[in-house]
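# A look at the structure
Listed below are the residues making up each chain.
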Amino acid sequence: MLLYPYWQPQIRGLNHFPGRGPVLLVVNHPTLFDPFLVAAATPRPLDFLVDHRVFKIPVLGPMIARAGGVTVRPGHNSLSEALRRLAQGRAVVVFPEAEQTHTLELRPFRSGASVLAVQSGVPVIPLGLSGPERLSTARGAWVVGGSIRMHFGPPLQALAQESPQQFEQRLRAALAAQ
């Protein structure tokens, strides 16, 4: 990863991320570079849920398209595709805020991560990123060097009879703690 020598990542809790089997990785989203940082920090291939508009970004869009993932767009059942991949034992990544925040303050979550957690029953790992939000511009036009922190929290599991809304409250608290 080209940004690693420049951004000096401090990774904690990677032992919580399983080396195999289905897992849902839920990450806050401060910058455009977050998916690349997450992919470089984890020891296995990841399937990201990606908004269809991301593919229109010059240079980055084609790179992301080649990496695969699950396209999220109106009229497309992306959650069914993500559930299928989880059933195949894959690692699926969701940014529940759905867009860059440029801050560490968590914005409202979209329901996808919680619905996937409740319907699939797979372990959910919260991953908190901090640092990128102060090291790049909003559009990623330039970056400055510095330290970033990536903290993988302990796994969560949806409880029997827990609704997606109830799980989202626990997930939000766990992600905020990272």
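Everything below is about the structure printed above this text.
Read on for an overview of the structure. (Residues numbered from 1 in each chain as written. Predicted model: local features only at pLDDT ≥ 70, side-chain atom pairs only at ≥ 80, totals over all residues. Heavy atoms only, no water.)

On to the pattern of salt bridges, then. Enumeration according to the criterion identifies five salt bridges in this entry. With its nearest N and O atoms 2.6 Å apart, the salt bridge here joins Arg84 to Glu81. Separated by three residues within a single helix, Arg84 and Glu81 lie in helix α4 (residues 78-87), roughly one turn from each other. One continuous salt-bridge network, built from bridges that share partners, spans Asp47, Glu81, Arg84, Arg85 and Arg90. (Salt bridge = Lys/Arg side-chain N within 4 Å of Asp/Glu carboxyl O. Helix = DSSP H or I, 4+ residues; strand = E, 2+ residues; numbered from the N terminus.)

The seven strands are arranged β1-β7-β6-β2-β5-β3-β4 in an open sheet whose pairing can be described as mixed. In the strand order of this sheet, the two ends are held by β1 (9-12) and β4 (70-72), each with one partner. Taken over all neighbouring pairs, the strand axes of this sheet differ in orientation by 20° on average, direction set aside. By the bridge criterion, four bridges tie strand β6 (residues 124-130) to strand β7 (residues 148-152) in an arrangement that is antiparallel. From the neighbouring strand, Gly128 faces β7, where its bridge partner is His151. Of the strands in this sheet, β1, β2 (23-27), β3 (47-51), β6 and β7 touch helix α2 (residues 34-41), which is tilted by about 60° from β7. Sheet strands touched by helix α5 (residues 112-120): β2, β5 (91-94) and β6. Its angle to β2, the strand with the most contacts, is close to 160°. (Pairing = 2+ DSSP bridges. Axes fitted to C-alpha atoms, helices over the stretch in contact; angles between N-to-C directions. Contact = heavy atoms within 4.5 Å.)

The subject of this paragraph is the packing of α5 against helix α7 (residues 164-177). At a minimum axis distance of 8 Å, the contact between α5 and α7 shows a crossing angle of 110°. In this view, α5 runs roughly perpendicular relative to α7, as classed from their interaxial angle. Seen along the crossing, α5 lies across α7 with a hand that is right-handed. Residues Ala113, Ser114, Val115, Ala117 and Val118 of α5 form the contact with α7, whose own contacting residues are Pro164, Phe167, Glu168 and Leu171. Residues belonging to the contact of α5 with α7 are distributed by class as follows: seven nonpolar, one polar and one charged. (Parallel < 35°, antiparallel > 145°, perpendicular 65-115°, else oblique. Left-handed = near helix turned anticlockwise from the far one by under 90°. Nonpolar A, V, L, I, M, F, W, Y, C, P; charged D, E, K, R; others polar.)

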